[in-house]
Amino acid sequence: MTWDPLRLPDQTGRTVVVTGATAGIGYFAAEQLAAAGADVVLASRSQDKLRRAADAVRSRVPLASVRTVVLELGSSASVDAAASELAALPRLDALLLNGGVMSMDRTATTEDGLPLILGTHVAASARLLERLLPSLVATASEHGSLSRVVHTSTGFVQMLRLRTDDLRHVPRLGITAYTKAKTATEIFAFELDRRLRAAGLPVASVVTRPGVGVDAKTPERPGVRDATTPYQRNPYTPWAQGKDTAAWSAVRALTDPQVSGGEYFSPSGRLRGTPVSIPLPARTAAPAGDTAERLWRQVEDLAGVTIDLPDLASRPAP
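These lines cover the structure that appears in this document, whether it is placed above or below. (Residues numbered from 1 in each chain as written. Predicted model: local features only at pLDDT ≥ 70, side-chain atom pairs only at ≥ 80, totals over all residues. Heavy atoms only, no water.)

**Quick look at the overall build of the protein chain**
Rules: A run of DSSP states H or I qualifies as a helix once it reaches four residues; a run of E qualifies as a strand once it reaches two. Both are numbered from the N-terminal end. Buried means the residue's accessible area, taken with a 1.4 Å probe over protein chains only, is under 20% of the maximum for its type, while exposed means over 50%, and partly exposed covers the values in between. We get accessible surface area from the Shrake-Rupley algorithm with a probe of 1.4 Å; when it comes to residues, only the shown protein chains can shield them.
Secondary structure assignment for the protein chain yields eleven helices and eight strands. Dimensions along the principal axes, computed over C-alpha positions, put the protein chain at roughly 45 × 45 × 40 Å. Relative to its 318 residues, the protein chain shows a buried fraction of 57%. For the protein chain, the exposed surface amounts to about 13,700 Å²; the carbon and sulfur share of it is 52%.

The following block contains the structure:
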């Protein structure tokens, strides 16, 4: 179908949680969803930044329905507290797993002792997902819809071929550690969709990548992107897009009524452009042998959870 990111399908009545929502792609995804009528929940670690982000959304969308939840992805206790708050919402239609720390310090760890990038991008997202899957299933069952879990990845995954047999091993370079975490994200996301389908659950797992979004081309928002916020230089600026348009792939995955799960959305021009569904990368969507099974077990171990989809499918409707 022809997709117009400036004319989204009406999202009135739907509740969408966005992690990492106080800046960049997460913020602009939340703003766009609110403009389309969604009840948006901003989740991030700083209460002050959450307040500023919510104010910025309301300044652009005066009638926006915006809530905030404190979520520190480096703490399993914080993830559990946020999940309890989110599970108490009247409905939960979609979850955008966008949050995570970018740290060049390979010795940095989460409160639970995990490597920081791995812990915040992979383990925390899996833990939050496990806690919220019952709500996603219940909402879809009640409303005859298909709930969404959208995982944010990066084009570096296809550029750097990294092993995932030992997720705890931290590569020397920060960008490599980040890419390894996102490789694990993709394998986990596609395996999740296969397992959701096998269990007959009304939840779709979708992967997206934003292309390249740079501060220099990002529109200003008070307290989110303005003279008071740090400015990151990027050598790709001449060929890149703003972080507002970098959010389009995730927003399409969350709102396109034709999404069925197991898909991958990317800018049409790879670095920028209208979001399109692209061919699945075999290395992460259909890895050889038991790679996906072994990675699934690693992620469960790191997250401290067991994602039992058959058990969830067998529970009586609420």
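**As for the sheet that holds strand 7 (residues 264-267)**
Stated formally: Two strands are said to pair when DSSP picks up at least two bridges between them. Each axis is a line fitted through C-alpha atoms, taken for helices only over the stretch in contact, and angles between the N-to-C directions span 0 to 180 degrees. Whether two residues touch is decided by their heavy atoms; if any such pair falls within 4.5 Å, the residues are in contact.
Judged by pairing direction, the sheet is mixed, and its eight strands sit side by side in the order 3-2-1-4-5-6-7-8 without closing on themselves. Both outer strands of the open sheet, strand 3 (65-70) and strand 8 (275-277), are each paired with one neighbouring strand and no more. Ignoring strand direction, the axes of neighbouring strands in this sheet form an average angle of 20°. By the bridge criterion, five bridges tie strand 1 (residues 15-19) to strand 2 (residues 39-44) in an arrangement that is parallel. Each residue of the ladder has a partner; that of Val16, found in strand 2, is Val40. In this fold helix 8 (residues 248-255) packs onto strand 1, strand 4 (94-97), strand 5 (147-152), strand 6 (203-208), strand 7 and strand 8, with an angle of close to 160° to the strand it touches most, strand 5.

**Quick word on the nonpolar core**
Heads up, the condition is: For this analysis, a nonpolar core means a set of buried residues of the types Ala, Val, Leu, Ile, Met, Phe, Trp, Tyr and Cys, connected via side-chain atoms within 4.5 Å.
Ranked by internal contacts, the top residues of the largest apolar core, which has 50 residues, are Leu86, Leu128, Leu129, Leu133 and Phe188. Those elements giving two or more residues to this core turn out to be strand 2, helix 3 (76-87), strand 4, helix 4 (116-143), helix 6 (174-199), helix 10 (291-303) and helix 11 (309-314). The element best represented in this core is helix 4, accounting for twelve residues. Beyond its immediate stretch of four places on either side in the chain, Phe188 contacts Ala126, Leu129, His151, Leu295, Trp296, Val299 and Ile307. In terms of nonpolar packing, the next biggest core, distinct from the first, is built from 38 residues, Val61, Val66, Val224 and Phe265 among them.

**A look at the pairing of strand 4**
By the alternation rule, side chains of strand 4 split into Ala94 and Leu96 and Leu95 and Leu97, which are all buried. By the bridge criterion, three bridges tie strand 1 to strand 4 in an arrangement that is parallel. Bridging from a neighbouring strand, Val16 pairs with Ala94 of strand 4. Examined bridge by bridge, strand 4 and strand 5 share four bridges and lie parallel to one another. Each bridged residue has a counterpart across the sheet, and for Leu95 the counterpart in strand 5 is Val149.

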